[in-house]
Amino acid sequence: MITEEQVRKVLEDVQDPHLHTTLAELNAIKEIKVKEKLLSLKLAIAQPGTAEQMQLQQEVVAALKEAGAPSVGLRFEKLPDDVIAKYGSEEEEGGKTLLDRKDKTTFISVTSGKGGVGKSTVSVNLAVSLARQGKKVGIIDADIYGFSVPDMMGIEERPKVVGERIHPVERFGVQVISMGFFVEDNSPIIWRGPMLGKMLNNFFNEVEWDELDYLILDLPPGTGDVALDIHSMLPHSKELIVTTPHATAAFVAARAGAMALKTEHEILGVIENMAYFESKVTGEKEYVFGQGGGPKLAEELQSEVLAQVPLGQPDIDEDVFAPSVYAEDHQIGKIYTDIAEKVIQKTEKE
Ligand SMILES: Nc1ncnc2c1ncn2[C@@H]1O[C@H](COP(=O)(O)OP(=O)(O)O)[C@@H](O)[C@H]1O
Ligand SMILES: [Mg+2]
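Residues numbered from 1 in each chain as written. Chains lettered and ligands numbered in written order. Predicted model: local features only at pLDDT ≥ 70, side-chain atom pairs only at ≥ 80, totals over all residues. Heavy atoms only, no water.

K.L.:
Got a sec to walk through helix H2 (residues 51-66)? Specific residues and values, please.
P.N.:
Counted at 1.5 Å a residue, the expected span for H2 with its 16 residues is 22 Å, and the 23 Å between its end C-alpha atoms agrees. Every buried residue belonging to H2 is among Ala-51, Glu-52, Gln-53, Met-54, Gln-55, Leu-56, Val-60, Val-61 and Leu-64, and all of these are buried. Residue Gly-68 follows H2 closely and has a positive phi angle near 105°. (Helix = DSSP H or I, 4+ residues; strand = E, 2+ residues; numbered from the N terminus. Expected span 1.5 Å × (residues − 1). Buried < 20%, exposed > 50% of the residue type's maximum accessible area, 1.4 Å probe, protein only.)

In structure tokens form, the structure reads like this:
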């Protein structure tokens, strides 16, 4: 059990990430409630909802747990303007953000009509395959309802924070940032729309991306708030739409695609995932999830099917654990190489 006094002690040297002044001096510790199983805490900071908040959150929770706190519920609010004005300094930073150099980077949003069709699998394998082609690639796992990229790529480390910049984790030559990095214990995320938009903005602006030829965005399914945010934030983003071969799945995906068309996002193409099952014994193909969804969707969007990816799992490699990454010489890995080549061809000829 931890006491209020101990909590204050733990927080003693913790600084506001933007004002570089201790929370104690800023009178920013707004509430400490110690209950049997939960310590709840409210802190005021200069810029809530930023990547720095997430970093601070992680540090504070970790330190409190180490000091013996049970579960920690941490809330943030904004410091009063006069406090910010008093302690604030002129904005430092003149660093170029990702969005400033968007002319160099091709943004590819991977979308689908609904979840579970393989959007993240496609995002991850496209990213890895582009990197295998020598491209500089990043991936943002922006599916706040079900971030999965770190697990899929077997990433265990967390991004480093240097100064006020977050450095993505690199795996298979791909720079990775995920909502999952900033959430403790896989707790479900209940942020609402505007917060999500802010988070994404941070991913663009506060992450220290190395040079990027491609940035792949694994978006939440459907046409929700976040997807819309992306469309307004990245007017030049290109779209890759994932569907299963089932006709109704394609129908749902068409709605996501229609939005891309409306917002003048170029659709690179359709990936039909889980297209068939091929028997290793007889080589026979079985269309377990139906047939025709991909081509139908492509037609509707006046686009094309870039690939039909069959059912199949990556081979387990004990040394490089990455449960959803297909090796380059895997049958499906080769299909992803093909997809990467097509994507390069389609995006570079402009
Ligand atoms: N071609 C495939 N063959 C077999 N399993 C697949 C294939 N594509 C995806 N999966 C599996 O299906 C599940 C859902 O895929 P995921 O990429 O997480 O979908 P989404 O991001 O659209 O929710 C995962 O368990 C994934 O490993
Ligand atoms: Mg996903």
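K.L.:
Report on the environment of Glu-77, specifying residues and quantitative values.
P.N.:
Along the chain, Glu-77 falls in strand S3 (residues 71-78). Since its relative accessible area comes to 28%, Glu-77 is described here as partly exposed. In this structure the C-alpha to C-alpha distance between Glu-77 and Ala-28, which are 49 residues apart in sequence, comes to 9.2 Å. Residues within four places of Glu-77 in sequence aside, it is in contact with Lys-30, Lys-42, Leu-43, Ala-44, Ile-45 and Pro-48. (Contact = heavy atoms within 4.5 Å.)

K.L.:
Can you lay out unusual backbone geometry for me, pointing to particular residues and giving the numbers?
P.N.:
If you check the backbone angles, Asn-27 has positive phi at about 55° while not being a glycine. Mapped onto the fold, Asn-27 is located in the loop between helix H1 (4-11) and strand S1 (29-34). Judged by relative accessible area, which is 54%, Asn-27 ranks as exposed. Backbone geometry places Met-274, a non-glycine residue, at a positive phi of 55°. Mapped onto the elements, Met-274 comes out in the loop between strand S12 (266-273) and strand S13 (277-278).

K.L.:
Please provide a residue-by-residue account of the side chain of Thr-243, values included.
P.N.:
The topology assignment puts Thr-243 in strand S11 (residues 238-243). When near neighbours in sequence (up to four residues on either side) are disregarded, Thr-243 contacts Ala-249, Ala-250, Ala-253, Val-270, Ile-271, Glu-272, Asn-273, Gly-293, Gly-294 and Leu-297.

K.L.:
Could you give an account of the UniProt feature "binding site: ATP" (unreviewed entry) in the protein, naming the residues involved and the relevant values?
P.N.:
Here, UniProt's "binding site: ATP" (unreviewed entry) annotation points to Gly-113, Lys-114, Gly-115, Gly-116, Val-117, Gly-118, Lys-119 and Ser-120. By secondary structure assignment, the location of Val-117 is in the loop between strand S4 (106-112) and helix H4 (119-132). Beyond its immediate sequence surroundings of up to four residues, Val-117 is in contact with Ser-112, Val-242, Thr-244, Asn-273 and Met-274. Structurally, Gly-118 can be placed in the loop between S4 and H4. Once residues lying within four places of it in the same chain are set aside, the contact partners of Gly-118 are Val-242, Asn-273 and Met-274. (UniProt positions renumbered as here; feature names shortened; annotations may be inferred.)

K.L.:
Give a description of the nonpolar core that names residues and reports values.
P.N.:
In terms of nonpolar packing, the biggest core is built from 63 residues, with Ile-140, Met-153, Val-174, Phe-203, Ile-216, Leu-240 and Ile-339 touching the most fellow members. Setting aside anything within four residues of it in sequence, one finds Val-174 in contact with Ala-127, Val-128, Ala-131, Val-137, Gly-138, Ile-139, Met-153 and Val-169. (Core = buried A, V, L, I, M, F, W, Y, C linked by side-chain atoms within 4.5 Å.)

K.L.:
Can you explain the site of ligand 1? Please cite residues and give values.
P.N.:
Lining the immediate environment of ligand 1, one finds 15 residues, of which Gly-116, Lys-119, Ser-120, Thr-121 and Asn-273 sit closest. Between ligand 1 and Gly-118 there is a distance of 3.0 Å, counted from an oxygen atom to a backbone nitrogen or oxygen. Contact between ligand 1 and Pro-310: a nitrogen atom at 2.9 Å from a main-chain N or O atom of the residue. Computed on the free molecule, ligand 1 has an accessible area of 550 Å², of which 75% lies beneath the protein chains in the complex. Per element, the largest residue contribution to the shell around ligand 1 is three residues, and it comes from H4. (Near = heavy atom within 4 Å. Polar contact = N/O pair within 3.5 Å; in protein donor to acceptor, adjacent residues only side chain to side chain. Areas by Shrake-Rupley, 256 points an atom, 1.4 Å probe, with all protein chains shown as cover.)

K.L.:
Please provide a residue-by-residue account of the side chain of Thr-347, values included.
P.N.:
Checked against the element boundaries, Thr-347 lands in helix H10 (residues 331-348). In this structure the side chain of Thr-347 is engaged in a polar contact, spanning 2.7 Å, whose partner is the side chain of Tyr-214. When near neighbours in sequence (up to four residues on either side) are disregarded, Thr-347 contacts Thr-106, Tyr-214, Lys-238 and Leu-268.

K.L.:
Can you break down a negative patch on the surface residue by residue, with the values?
P.N.:
Taken together, Asp-315, Asp-317, Glu-318, Asp-319, Glu-328 and Asp-329 make up a surface patch of like negative charges. You can see Asp-317 is positioned in the loop between strand S15 (305-309) and H10. The exposure class of Asp-317 is partly exposed, given its relative accessible area of 33%. (Patch = residues over 30% accessible without salt bridge, like charges linked within 9 Å, V, L, I, M, F, W, Y side chains within 5 Å. Salt bridge = Lys/Arg side-chain N within 4 Å of Asp/Glu carboxyl O. Lys, Arg positive; Asp, Glu negative; His and termini not counted. Charge placed at Lys NZ, Arg CZ, Asp CG, Glu CD.)

K.L.:
Tell me what's going on with a nonpolar patch on the surface, and back it up with residues and numbers.
P.N.:
On the surface, a nonpolar cluster with roughly 330 Å² of combined accessible area is contributed by Phe-277, Val-288, Phe-289 and Leu-311. Overall, the relative accessible area of 31% leaves Leu-311 in the partly exposed class.

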